[in-house]
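Inside the fold
Take a look at the letters that make up each chain.
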Amino acid sequence: MRRAFQRTQAQLPRFSSALRRSGVSRQLALQSDWLLDLKDIKQGSLPSATRAIHHSLRLTQNIAAAKAEANTDAPTNASEKSLITKFHELETQEIVHRNVVKTLTQDMGLSDMTEVQTKTINQALSGNDIIAQAKTGTGKTLAFLLPILQNILNVDPSLAQRSGGRRGPRTTADDIRALIISPTRELAEQIAAEAKKLVRNTGVIVQTAVGGTQKSAGLRNIQHQGCHILVGTPGRLKDIFSDPRAGVQAPDLSALVFDEADRLLDQGFWPEIQEIMRLLPTPAECDRQTMMFSATVPRGVVDLVRSTLKPGFDFVRCVRDDEEPTHARVPQKVVTFPGLEQQVPALVELCTRCIKEGPEKGRPFKAIVYCNSTAEATLVSDILRNLATPGAERNDAFGSLRAPHPWSRDVRLLEIHAKLSQAQRTQAAESFRHAQSGILLSSDVTARGMDFPNVTHVIQMGTPPSREQYIHRLGRTARAGKEGEGWLFLHNFEAREARSRLGGLPLQKDESLTCSTVNVENALKDPESPVAMVRAAMKKIPKATLHKSYLAMFGVYQWIRDKQALAYALQDLAIKGWGLTQTPSVPPGIAQRLGFSRVEGVRLGHDDLEPDSSFGGGSRGGSSYGRSGGFGDRRSSRSGFGDDRGPRSSRSYDGGNQHRQGRPGQQRGQYSHNAF
DNA sequence: AAAAAAT
């Protein structure tokens with residue numbers, strides 16, 4: 001019966017869409033003047049006859065329906081009518097079902113809409129396609145979920161009741177009504193969690209389809225419970241839609257959402273997105289509402305909008321001119337370093353200070369530290385975890401010397417990136433979300449859209465891959481009206497590039513961290529210094545972690561032209577920062593590809609991991625100081641190294657990037673005129 | 001070798 005209905009619909013797409021929308025159109029009738037009233041909403045760049053007809057047709061229908069149905073007069077004075085800005089108004093004006101409004105106002109405790117919600121919900125309920133530019137952390141998830149849900153309820157009003165007294169599934173796997181595509185698994189989970197909250201008092205079913213989980217289990221849920229709203233990541237969505245045995249289909253899809261659309265355009269995603277769209281009914285077969293959310297609207301997104309959205313779409317721009325975006329509002333500090341090896345000690349210094357200040361400021365320290373590689377996130381996480389209070393060693397139950405961690409146990413230390421299992425990732429995200437205080441070592445998995453409440457600091461280690469990414473990372477703090485601050489740690493050799501990527505942002509140079517200028521070898525003499533603490537923590541780090549971090553740096557800093565300067569900086573990091581006796585070896589193939597085959601300070605070879613070769617004898621602070629004392633000897637004894645370092649600085653290749661330690665004064669001088 | 005994302 002339903003099948004037959006669907007076939008009819010397919011034959012009469014225009015009619016079917018009108019039919020499906022008629023419910024909402026009637027309800028919207030009283031608000032039809034919204035469409036005239038939205039002067040601040042710019043129309044899409046495709047003025048066409050279709051759009052005009054589409055538009056006026058809907059208005060006529062709405063007004064006619066209003067006059068026919070309502071006993072009140074259709075509103076005559078458009079300017080008196082304003083956008084709905086409170087959730088309860090959606091009920092009193094019979095736009096959204098009372099069960100859903102009840103969920104919003106009672107269960108979720110919401111009363112006022114945010115700007116993006118006001119603009120998007122009002123528009124989307126009328127069935128328009130939307131491209132919305134909104135800053136992060138403004139409740140845009142709800143902005144698209146609510147119209148999606150209401151449109152589903154309009155088609156089948158019985159779903160507005162929780163169980164309806166019926167048994168068994170309320171829908172099937174082959175009748176998905178809304179598809180939401182997200183660039184990361186965590187974001188998909190977060191959206192699904194919010195969707196599940198929203199549908200609580202209805203019969204609508206939300207499912208997720210993300211990688212890293214058992215495909216069979218997820219599929220079973222979809223098949224057994226059915227699915228109205230499916231939230232997922234590109235790979236898994238493509239997988240289940242293209243699997244003929246899965247029976248997952250969306251012949252009557254009414255909504256398609258691209259969250260973080262600019263991100264979904266990336267190389268790796270795009271073919272999968274296209275494949276998914278190929279597996280969905282075409283817009284001609286089934287009229288659907290498409291919504292795109294994107295913090296920035298670069299060319300690619302404009303093209304996507306042109307090819308995907310219906311003429312007459314609305315461009316909802318929620319970046320108001322009079323309201324400063326997060327990245328203009330949040331204080332941001334830059335620290336430049338003469339050596340990479342100073343960065344983790346400086347991080348420890350900063351965290352220690354902020355943890356101490358937390359109670360004074362009435363807000364516990366909660367930070368995300370962004371690394372440019374997964375290996376570095378693991379390394380830094382391991383170091384922070386291994387920190388020990390200097391001079392507080394006690395014999396533990398097994399007679400070995402251990403010192404307690406210098407930070408309170410309340411400061412949770414967490415790590416998240418794609419190299420962890422999905423279970424670990426989900427767990428870390430969940431723990432950090434609920435943590436009062438903590439430090440999350442993260443790759444860019446969490447950079448976009450993730451909502452961790454009360455993040456006070458976003459610290460970025462190294463030049464972010466792009467300006468957009470910097471802004472997204474920074475957007476994890478200062479959310480929901482709270483304050484926050486950003487920190488950026490840069491080696492001198494990347495400062496110029498960072499400046500060009502981040503031009504125009506209010507970055508302030510900060511010189512308050514002593515570790516940014518300290519001489520590592522001198523600092524090691526003081527066991528209380530963060531440098532010594534980090535070095536001590538290094539001892540328990542598996543060498544494979546160091547190896548991977550070192551190699552990953554070549555990829556992260558691929559864009560650096562001065563390969564020699566980079567090689568030396570990495571050498572210092574490995575030897576002075578990590579206490580290795582020699583740099584890990586680089587496979588010759590990789591070195592050649594990246595232009596390092598004829599560069600000093602890079603050791604070509606394979607398999608550098610003979611057990612214990614990197615760590616010298618002692619196990620105490622004194623001996624690690626001893627190691628660093630011997631470091632000069634080892635260095636000069638290595639072939640092609642040592643003596644020619646002096647001459648090197650006068651050679652042309654190193655000109656503007658002179659960065660060797662031992663002349664910190666000169667270096668700082670060199671870069672100080674370039675203050676951010 | 002460098003975020004992410006399917007097994």
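Think of each chain on its own: its residues are numbered from 1, step by step along the sequence as written. Ligands are numbered from 1 and chains lettered from A, in the order in which they are written. Local features in this predicted model are restricted to residues whose pLDDT is 70 or higher, and side-chain atom pairs enter the listing and the counts only when it is 80 or higher, whereas totals over whole chains, interfaces and linings include all residues.

In this section: the overall build of chain A. Counting its secondary structure elements, chain A contains 28 helices and 19 strands. Contacts in chain A between residues at least 24 apart in sequence constitute 78% of all its contacts with a sequence separation of at least 6. Only DSSP runs of H or I with at least four residues qualify as helices, and only runs of E with at least two residues qualify as strands; both kinds are numbered from the N terminus onward. This entry defines residue contacts through backbone-placed C-beta atoms, with two residues in contact when those atoms are within 7 Å.

Here the focus is the environment of Arg 402. Tracing the backbone shows Arg 402 in strand E12 (residues 401–402). To assign burial, the other C-beta atoms lying within 10 Å of each residue's own C-beta are counted, with C-beta atoms placed from the backbone; 20 or more indicates buried, 12 or fewer indicates exposed, and intermediate counts indicate partly exposed. Residue class for Arg 402 comes out partly exposed when judged on the 13 C-beta atoms lying within 10 Å of it. Measuring from C-alpha to C-alpha, the distance between Arg 402 and Ala 392 comes to 7.8 Å, with 10 residues separating the pair along the chain. When near neighbours in sequence (up to four residues on either side) are disregarded, Arg 402 contacts Glu 393, Arg 394 and Asp 396.

This part covers the protein's contact with DNA strand B. Being near a molecule or strand means, for a residue, that its C-beta atom, positioned from the backbone, comes within 6 Å of it. Inspection of the region around DNA strand B gives 36 residues, with Gly 211, Gly 235, Gly 268, Ala 418 and Gly 555 positioned closest. Elements with a minimum of two residues in the surface near DNA strand B: helix H11 (234–242), helix H17 (374–386), helix H23 (543–556) and helix H25 (588–593). Throughout, the ten residues Ala, Val, Leu, Ile, Met, Phe, Trp, Tyr, Cys and Pro are labelled nonpolar, Asp, Glu, Lys and Arg are labelled charged, and all others, Gly among them, are labelled polar. In terms of residue class, the surface near DNA strand B is built from 14 nonpolar, 13 polar and nine charged.

In this usage, the nonpolar core is the set of buried Ala, Val, Leu, Ile, Met, Phe, Trp, Tyr and Cys residues whose C-beta atoms join them within 7 Å. One finds Leu 149, Leu 179, Ala 195, Ile 229, Val 231, Val 369 and Val 380 to be the most contacted residues of the largest nonpolar core, which totals 165 residues. Taken domain by domain, the makeup of this core includes at least three residues from each of domain 1 (2–317) and domain 2 (326–393 + 403–672). The residues contacting Ile 229, other than those within four sequence positions of it, are Ile 148, Arg 177, Ala 178, Ile 180, Ala 195, Val 204 and Val 206. Each domain's extent is set by a domain assignment, obtained either automatically or from a database.

Let's shift gears to the UniProt feature "domain: Helicase C-terminal" (unreviewed entry) in chain A. Mapped onto this structure's residue numbering, the UniProt feature "domain: Helicase C-terminal" (unreviewed entry) falls at residues 346–528. Secondary structure content for residues 346–528 is 35% helix and 20% strand, while the C-alpha to C-alpha distance between its ends is 13 Å. UniProt positions are given in the numbering used here, feature names are shortened, and annotations may be inferred rather than shown by experiment.

This brings us to the environment of Glu 430. Within the secondary structure layout, Glu 430 lies in helix H18 (residues 422–434). With 307 residues separating them along the chain, Glu 430 and Gln 123 place their C-alpha atoms 33 Å apart.

Attention now moves to helix H7 (residues 115–124). Along an α-helix, residues three or four apart share an orientation, since each turn contains 3.6 residues. For H7, the buried fraction is high: eight of the 10 residues fall into the buried class. Of all the residues in H7, the buried ones are Val 116, Gln 117, Lys 119, Thr 120, Ile 121, Asn 122, Gln 123 and Ala 124.

Ordered in space as E13-E14-E10-E15-E16-E9-E17, the seven strands form an open sheet in which the pairing is parallel. A single partner strand is all that each edge strand has here, and the edge strands are strand E13 (411–416) and strand E17 (507–509). The mean angle between the axes of side-by-side strands here comes to 20°, regardless of whether they run parallel or antiparallel. Two strands qualify as a pair provided DSSP detects at least 2 bridges between them. Relative to E17, strand E9 (residues 332–337) runs parallel, the two being bridged by three bridges. Bridge pairing in E17 links Val 334 to Lys 509. Inter-axis angles, ranging from 0 to 180 degrees, are taken between N-to-C directions of lines fitted to C-alpha atoms, where helices are fitted over the stretch in contact. Helix-sheet contacts for helix H20 (residues 492–501) involve E9 and strand E16 (485–491), and the interaxial angle to E16 is about 125°.

With that out of the way, let us pick up the domain arrangement of chain A. What the domain assignment lists for chain A is domain 1 (2–317) and domain 2 (326–393 + 403–672). Looking at the side of domain 1 that touches domain 2, the elements with two or more residues in it are helix H9 (185–198) and helix H12 (261–264). With five residues, H9 is the largest single contributor of residues to the side of domain 1 that touches domain 2. Taken together, the residues of the side of domain 1 that touches domain 2 sort by class into three nonpolar, seven polar and eight charged.

This part takes up the packing of helix H8 (residues 140–155) against H9. Interhelical geometry of H8 versus H9 gives an angle of 45° and a closest axis separation of 10 Å. As far as their axial angle goes, H9 and H8 are oblique. Read as a crossing pair, H8 and H9 show a hand that is right-handed. Residue-level inspection shows Thr 141, Leu 142, Leu 145 and Leu 149 of H8 in contact with H9, the latter providing Ile 191, Glu 194, Ala 195 and Leu 198. Each angle is binned into one of four classes, with values under 35 degrees roughly parallel, values over 145 roughly antiparallel, values of 65 to 115 roughly perpendicular, and all other values oblique. Throughout, a crossing is termed right-handed when the near helix is turned clockwise from the far one, and left-handed when it is turned anticlockwise from it by less than a right angle.

We now examine the pairing of strand E8 (residues 314–317). Residues of E8 alternate between two faces, with Asp 314 and Val 316 buried on one and Phe 315 and Arg 317 left unburied on the opposite face. The pairing of strand E2 (residues 130–133) with E8 spans four bridges and is classified as parallel. By the bridge assignment, Gln 133 is partnered in E8 with Arg 317.

What follows covers the pairing of E16. The element E16 is extensively covered by neighbouring structure, given that six of its seven residues are classed as buried. Pairing analysis gives six bridges linking E9 to E16, with the strands arranged parallel. Each bridged residue has a counterpart across the sheet, and for Thr 336 the counterpart in E16 is Leu 490. Bridge count between strand E15 (residues 457–461) and E16: five bridges; the pairing is parallel. Bridging across to E16, His 457 finds its partner in Glu 485. Seen with its strands pointing away from the viewer, a crossover is right-handed if its path from the first strand over the helix to the second goes clockwise. Traced from E15 through helix H19 (residues 467–474) to E16, the parallel crossover comes out right-handed.

This part covers the packing of H11 against helix H13 (residues 270–279). When two helices pack together, you describe them by how their axes are tilted relative to each other and by the distance separating the axes. Close contact between H11 and H13 brings their axes to 9 Å; oriented N to C, the two are set at 30°. Of the possible angle classes, the one that applies to H11 and H13 is roughly parallel. Of the two possible hands of crossing, H11 and H13 adopt the one that is left-handed. Of the residues in H13, those in contact with Pro 234, Gly 235, Leu 237, Lys 238, Phe 241 and Ser 242 of H11 are Glu 272, Ile 273, Glu 275, Ile 276 and Leu 279. The residue makeup of the contact of H11 with H13, split by class, is six nonpolar, two polar and three charged.

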